[in-house]
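# Geometric and topological summary
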Amino acid sequence: MLILSRKIDQKIRIGDNIVLTIIDIKGDQVKIGVEAPNDVKVFRQEVFSAIQSENKAANQISMEQLQKLLK
């Protein structure tokens, strides 16, 4: 893991087309702006984890359950 120190309005560049900007710092909370192409999905970790869990659960549906849904 790369750990960087930044101040408000300073930026971090990832690759050629992703830029993170430190917007505000208050106590233990940091606001970060993300500039990325539209085809790059950006999620908070907890949202990403929830999406993965839902996708795994949906993948566990049996054919019998699926047929019941189609009726």
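Everything below is about the structure shown above.
Everything quoted here is computed from the prediction, not taken from an experiment.

### Brief notes about the packing of aromatic side chains
Remark: the centre distance and the inter-plane angle together describe each pair of aromatic rings, the angle taken between the planes. The full count for this structure, using the stated rule, is one aromatic pair. With 6.2 Å between their ring centres and 40° between their planes, Phe 43 and Phe 48 make a pair best called tilted. The exposure class assigned to Phe 43 is partly exposed, which follows from its relative accessible area of 39%. By relative accessible area, Phe 48 is classed as partly exposed at 34%.

### Focus on the pairing of strand S2 (residues 18-26)
Here strand S1 (residues 11-14) runs beside S2; their pairing, made up of four bridges, is antiparallel. Note that in S2 the partner of Ile 14 across the bridge is Ile 18. Here S1 hands over to S2 after three residues, with Gly 15 in that stretch at a positive phi of 65°.

### Re the side chain of Thr 21
Its place among the elements puts Thr 21 in strand S2. Relative accessible area serves as the criterion here: at 8%, Thr 21 is assigned to the buried category. Within the local environment of Thr 21, its side chain forms a polar contact with the side chain of Lys 11, the two groups lying 3.1 Å apart.

### Some points on the sheet that holds S1
Read from one edge to the other, the open sheet built from three strands follows the order S1-S2-S3, with strand pairing classed as antiparallel. Strands with a single pairing partner mark the edges of an open sheet, and in this sheet they are S1 and strand S3 (29-35). Averaged over neighbouring strand pairs, the angle between their axes works out to 25° when direction is ignored.

### Notes on the pattern of salt bridges
Per the counting criterion, the structure on display carries three salt bridges. The residue Lys 26 makes a salt bridge to Asp 24 at a minimum N-O spacing of 3.8 Å. A relative accessible area of 58% places Lys 26 in the exposed class.

### Here we look at a nonpolar patch on the surface
A cluster of nonpolar side chains, Ile 8, Ile 25, Val 30, Ile 32, Val 34, Val 40 and Val 42, forms an exposed patch at the surface whose accessible area comes to about 540 Å². If one sorts the elements of the nonpolar patch by residue count, S3 sits on top with three residues. With respect to the secondary-structure elements, Val 30 resides in strand S3.

Conventions and cut-offs
- Residues numbered from 1 in each chain as written.
- Predicted model: local features only at pLDDT ≥ 70, side-chain atom pairs only at ≥ 80, totals over all residues.
- Heavy atoms only, no water.
- Phe/Tyr/Trp six-rings, centres within 6.5 Å; stacked < 30°, edge-to-face > 60°.
- Buried < 20%, exposed > 50% of the residue type's maximum accessible area, 1.4 Å probe, protein only.
- Pairing = 2+ DSSP bridges.
- Helix = DSSP H or I, 4+ residues; strand = E, 2+ residues; numbered from the N terminus.
- Polar contact = N/O pair within 3.5 Å; in protein donor to acceptor, adjacent residues only side chain to side chain.
- Axes fitted to C-alpha atoms, helices over the stretch in contact; angles between N-to-C directions.
- Salt bridge = Lys/Arg side-chain N within 4 Å of Asp/Glu carboxyl O.
- Patch = residues over 30% accessible without salt bridge, like charges linked within 9 Å, V, L, I, M, F, W, Y side chains within 5 Å.
- Areas by Shrake-Rupley, 256 points an atom, 1.4 Å probe, with all protein chains shown as cover.

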